[in-house]
Amino acid sequence: MKNKILIIILIISIIIIATVIGFYFIKQNKPPANSIENTESLGKTDNDGQINSNHLQNKLVTDDFEITLPVGWQKTEPTIGSSAMAVKIDEQLSDPAAQKINFRSYFAVVYDTMQEKSLEEYIQTTKDQLEQTISNIIFSQEHDATINSQAARAFEADFNQKGIDFKILMVVIKGTNDDVWIISFNTLQSTWTEYKDSFSDIANSFSLKK
């Protein structure tokens, strides 16, 4: 499990490493695929009992799961250790520091096993590892959710690196047996309000194949 948590941290750390960040923007000409959510609405449905799917257009499908993408989000080559990744193409950011490293908002899906830990214990281990890697990270808005009948837990985090204020949303979904799936959404604090509903829709669309 520790190795997978380190992979999650690496994926998050990509947003502060300019030389690595460029790799997934080069892939922007690939066909579209997936994206995600707002923690306050994560796991919630509309009045008809249906998951809110406003602006959802494309679907990213793997052998294990499928997830839906809003317009403007596109599948890209995943980092080593992740199962899928998508980026907000043609994103126009006003932050000069973010422009300098060619940052784009993105999300990644990672598979792991809980090794007989509870969901709460697994998340606490993940948060402990993040705090060791990103010293100024601040966690908030943690709560339980249900995504397509799977137990889940979501939390937000804020931190500053290279003079840039980042915001992440992590959604940890319990799979079958000891399996666990982590969806990590990464954007700027200044664009969080713009993307949080899309993040919520994407997270709610995550569905494991039987």
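Account for the sheet that holds strand 8 (residues 164-174), naming residues and giving values.
An order of 3-4-5-9-8-7-6 is seen for the seven strands of this open sheet, with the pairing classed as antiparallel. What marks the edges here is a single partner per strand, and that holds for strand 3 (73-76) and strand 6 (138-147). Across the sheet, the mean angle from the axis of one strand to that of its neighbour is 20°, orientation sign disregarded. By the bridge criterion, nine bridges tie strand 8 to strand 9 (residues 179-188) in an arrangement that is antiparallel. Paired with Lys 174 across the two strands is Val 180, which belongs to strand 9.

Outline the nonpolar core, listing residues and values.
Counting residues in hydrophobic clusters, the biggest one holds 28 residues, and the most contacted among them are Phe 103, Ile 137, Val 172, Val 180 and Leu 188. If you list the elements that add at least two residues to this core, you get strand 4 (84-88), strand 5 (106-113), helix 4 (119-133), strand 7 (150-161), strand 8 and strand 9. Sorting elements by how many residues they give to this core places strand 8 first, with five residues. Look past the residues within four positions of Val 172 in its chain and what remains in contact with it is Leu 119, Tyr 122, Ile 123, Ala 151, Ala 152, Arg 153, Val 180, Trp 181 and Ile 182.

Provide a residue-level description of the packing of aromatic side chains, including the pertinent values.
Under the definition given, this model contains 15 aromatic pairs. Considering the side-chain rings of Trp 73 and Phe 199, the 5.9 Å spacing of their centres and the 70° angle between planes classify their relative orientation as edge-to-face. Separated by 126 residues along the polypeptide, Trp 73 in strand 3 and Phe 199 in helix 5 (residues 192-205) bring together distant segments of the chain. On the accessibility criterion, Phe 199 (0% relative accessible area) is buried. Judged by centre distance (5.3 Å) and plane angle (40°), the ring pair of Phe 107 and Phe 185 falls under tilted.

Describe in detail the pairing of strand 4, supporting the description with residues and values.
Of all the five residues making up strand 4, five are buried; the element is thus mostly covered by neighbouring parts of the structure. Residue alternation in strand 4 divides its side chains into two sets, Ala 84, Ala 86 and Lys 88 and Met 85 and Val 87, and both sets are buried. With four bridges joining them, strand 3 and strand 4 adopt antiparallel strand pairing. Bridge pairing in strand 4 links Lys 75 to Ala 86.

Help me get a handle on the pattern of salt bridges, residues and values and all.
Scanning the model with the defined rule gives six salt bridges in all. When the shortest N-O distance is used, the salt bridge between Glu 66 and Lys 59 registers 3.3 Å. Overall, Glu 66 belongs to the partly exposed group, its relative accessible area being 26%. By relative accessible area, which is 47% here, Lys 59 ends up partly exposed. Notably, a salt bridge pairs Asp 158 with Lys 167, separated by 3.2 Å at the nearest N-O pair. By relative accessible area, Asp 158 is classed as buried at 18%. Since its relative accessible area comes to 9%, Lys 167 is described here as buried. Salt bridges sharing partners connect three or more residues here, namely Lys 127, Glu 142, Asp 144 and Arg 153.

Lay out the confidence of the model for the chain in plain terms, naming residues and giving numbers.
Confidence along the chain averages 76 in pLDDT terms, with 73% of residues attaining 70 or more. Mean pLDDT across the elements of the chain ranges from a minimum in helix 2 (residues 18-21), with 32, to a maximum in helix 5, with 93. Across residues 13-41, where pLDDT falls below 50, the model places 118 contacts with residues more than four positions away in sequence or in other chains. Overall, residues 43-56 carries pLDDT values under 50, and its contacts beyond four positions in sequence, including any with other chains, amount to 20 contacts.

Give a detailed account of helix 4, specifying residues and quantitative values.
Given a rise of 1.5 Å per residue, 15 residues ought to cover 21 Å, and the 21 Å separating the end C-alpha atoms of helix 4 matches this to within 8%. Here helix 4 has its buried residues at Leu 119, Tyr 122, Ile 123, Thr 126, Lys 127, Gln 129 and Leu 130. Along the axis of helix 4, the buried residues cluster in a sector spanning 160°; they form a single face.

Tell me about the environment of Glu 77, residues and numbers included.
With respect to the helices and strands, Glu 77 occurs in the loop between strand 3 and strand 4. The partly exposed category is assigned to Glu 77, whose relative accessible area is 35%. Taking the C-alpha atoms as reference points, Glu 77 and Val 87, separated by 10 residues in sequence, lie 9.8 Å from one another.

Conventions adopted
Residues numbered from 1 in each chain as written. Predicted model: local features only at pLDDT ≥ 70, side-chain atom pairs only at ≥ 80, totals over all residues. Heavy atoms only, no water. Pairing = 2+ DSSP bridges. Helix = DSSP H or I, 4+ residues; strand = E, 2+ residues; numbered from the N terminus. Axes fitted to C-alpha atoms, helices over the stretch in contact; angles between N-to-C directions. Core = buried A, V, L, I, M, F, W, Y, C linked by side-chain atoms within 4.5 Å. Buried < 20%, exposed > 50% of the residue type's maximum accessible area, 1.4 Å probe, protein only. Contact = heavy atoms within 4.5 Å. Phe/Tyr/Trp six-rings, centres within 6.5 Å; stacked < 30°, edge-to-face > 60°. Salt bridge = Lys/Arg side-chain N within 4 Å of Asp/Glu carboxyl O. pLDDT = per-residue confidence, 0-100. Expected span 1.5 Å × (residues − 1). Arc of directions from axis to C-beta.

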